[in-house]
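Residue strings, one per chain:
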Amino acid sequence: MISRRQWMQGSAALGVAPLLGGCFPFDEGPDPLRGIPALKDIAPFPMGTCAMTGQLDDPAWSRLALTHFNQITPEWEMKMEYILTPDGYRFDAPDRIADFCRAHGMHMHGTTLVWYSQGEEAFRGLSPADFRRKFDDYIATVAGRYRGKLRGWDVVNEAVAEDGNGLRSHHWSAALGEIDHMVRAFEQAKLADPEAVLFINDYNLENNPAKGDTFLRLVERLLKAGAPVGGIGSQSHLDIEIREGQISRFIREAAQFGLPIHISELDASLKREGGMPDVRTVSKKISQQTERVKELTETYNTLPAQQRYALTLWGVRDTDSWLRRPPHDDGKDSPLAFGASGQPTAMGRAIADSLSG
């Protein structure tokens, strides 16, 4: 996957992905007869997307988002790298997204409180006591500010090592303990917002079975340690070339905890990772994408109602996707449910078909 650090830096610089004029090969064009029902109306659970504040000023984005989605996750502007500055806390952007949600009757999901890739510089050089105090204060201040306004929080994000072999080592684990820093984060979040559903969230859980297994063992360890983990988040940046049944296996195993499950950042790139030659035809790629997306949507839809927290797409239009931002964009990827003009892509129709039964 593209480095999260590269993505965040690009997002910060751009504010929002630029719109690309016209259609590209995977956009289904302007014919209204090729539309789909409003996803939020046919889903028996909240349908989410992510947002940056710059997108709220785009009428085309707003119309599409309000038509199809009823929950928003701030894409970057609620993360520690945005909120915690040398001059203190910065809440202008997440407050604006919260106001947008409230004005339009949408739910909001918060991400993320503790992430291995952020916070090291801000906490560097602190004594152990001051480190603990600042850690607790950050969670209390941020989660407390939105108390009662959010359905849930990603409390701990991406704790499992990239290859699935154990957990990541970083500044949080070094100062507070590999498991203890997570337990502490969940405890502080529970104090700050007792009614929010508190998630542990990670990626490649369906793509890499070893990582998925390690993640579920971590959930078990945290629950046994008394952490108030309230939900399981799977980002679901799908590799469309994984074997049939791999997605279903992970979702069903995760469901055995009885906790709410959030498909938290769904997209499905048509590109092959790693720079390997790709001789697949466009039709082959789209077939792979739609089959994997249908598998995910249909399996998620079979879960008990209380375990279907939300299905969140990581962007509205293909041109909003982090996968379509410079310098990575060549205009040939279609990882989301809608094309540049707002018409549904093959992926969007696959989701709608799965939800319509």
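Here the structure is shown first, and the text comes after it.
Rules used throughout
- Residues numbered from 1 in each chain as written.
- Predicted model: local features only at pLDDT ≥ 70, side-chain atom pairs only at ≥ 80, totals over all residues.
- Heavy atoms only, no water.
- Salt bridge = Lys/Arg side-chain N within 4 Å of Asp/Glu carboxyl O.
- Helix = DSSP H or I, 4+ residues; strand = E, 2+ residues; numbered from the N terminus.
- Buried < 20%, exposed > 50% of the residue type's maximum accessible area, 1.4 Å probe, protein only.
- Phe/Tyr/Trp six-rings, centres within 6.5 Å; stacked < 30°, edge-to-face > 60°.
- Lys NZ or Arg CZ within 6 Å of the ring centre and 35° of its normal.

Focus: the pattern of salt bridges
When their charged atoms lie close together, side chains carrying opposite charge are able to pair.
Item 1. Tallied over the entire structure, the rule returns 21 salt bridges.
Item 2. Between Arg133 and Asp130 there is a salt bridge whose closest N-O contact spans 2.4 Å. With Arg133 and Asp130 both in helix α7 (residues 128–145) and three residues apart, the pair spans about one turn of that helix.
Item 3. Of the charged contacts in the structure, one is a salt bridge between Arg184 and Asp136, with a shortest N-O distance of 2.8 Å. Of the two residues, Arg184 is situated in helix α9 (residues 180–192) and Asp136 in helix α7; the sequence distance between them amounts to 48 residues.
Item 4. On the accessibility criterion, Arg184 (25% relative accessible area) is partly exposed.
Item 5. Classification of Asp136 as buried rests on a relative accessible area of 14%.

A word on unusual backbone geometry
Item 1. Here Thr111 and Thr112 are connected by a cis peptide whose omega angle stands at -5°.
Item 2. Of note, Thr112 is situated in strand β5 (residues 107–115).
Item 3. The linkage connecting Pro326 with the following residue, Pro327, adopts the cis geometry, with an omega of 5°.
Item 4. Take Pro327: it is sitting in the loop between β11 (308–313) and α13 (346–356).
Item 5. The phi torsion at Glu158 lies on the positive side, around 60°, for a residue other than glycine.
Item 6. Looking at the element boundaries, Glu158 is found in the loop between β6 (152–157) and α8 (171–176).
Item 7. By relative accessible area, Glu158 is classed as buried at 1%.
Item 8. At Ser236, a residue that is not glycine, the phi angle is positive and equals roughly 60°.
Item 9. Along the polypeptide, Ser236 turns up in the loop between β8 (231–234) and β9 (237–239).

Side note on the packing of aromatic side chains
Item 1. Applying the stated criterion across every chain, the model contains 12 aromatic pairs.
Item 2. For the ring pair Trp76 and Tyr82, a centre distance of 5.2 Å and an interplane angle of 80° mean the geometry is edge-to-face. Like Tyr82, Trp76 is buried.
Item 3. With a centroid separation of 6.4 Å and an interplanar angle of 90°, the aromatic rings of Trp115 and Tyr116 are classed as edge-to-face.
Item 4. Judged by relative accessible area, which is 3%, Trp115 ranks as buried.
Item 5. A residue is classified by how much of its surface remains accessible, and Tyr116, at 24% relative accessible area, is partly exposed.
Item 6. Pairwise contacts between aromatic rings join Tyr89, Phe91, Tyr138 and Tyr146 into one cluster.
Item 7. Note that Arg168 overlies the ring of Tyr116, its terminal NZ or CZ placed 4.0 Å from the centroid.

Just distances and angles here, no functional claims.
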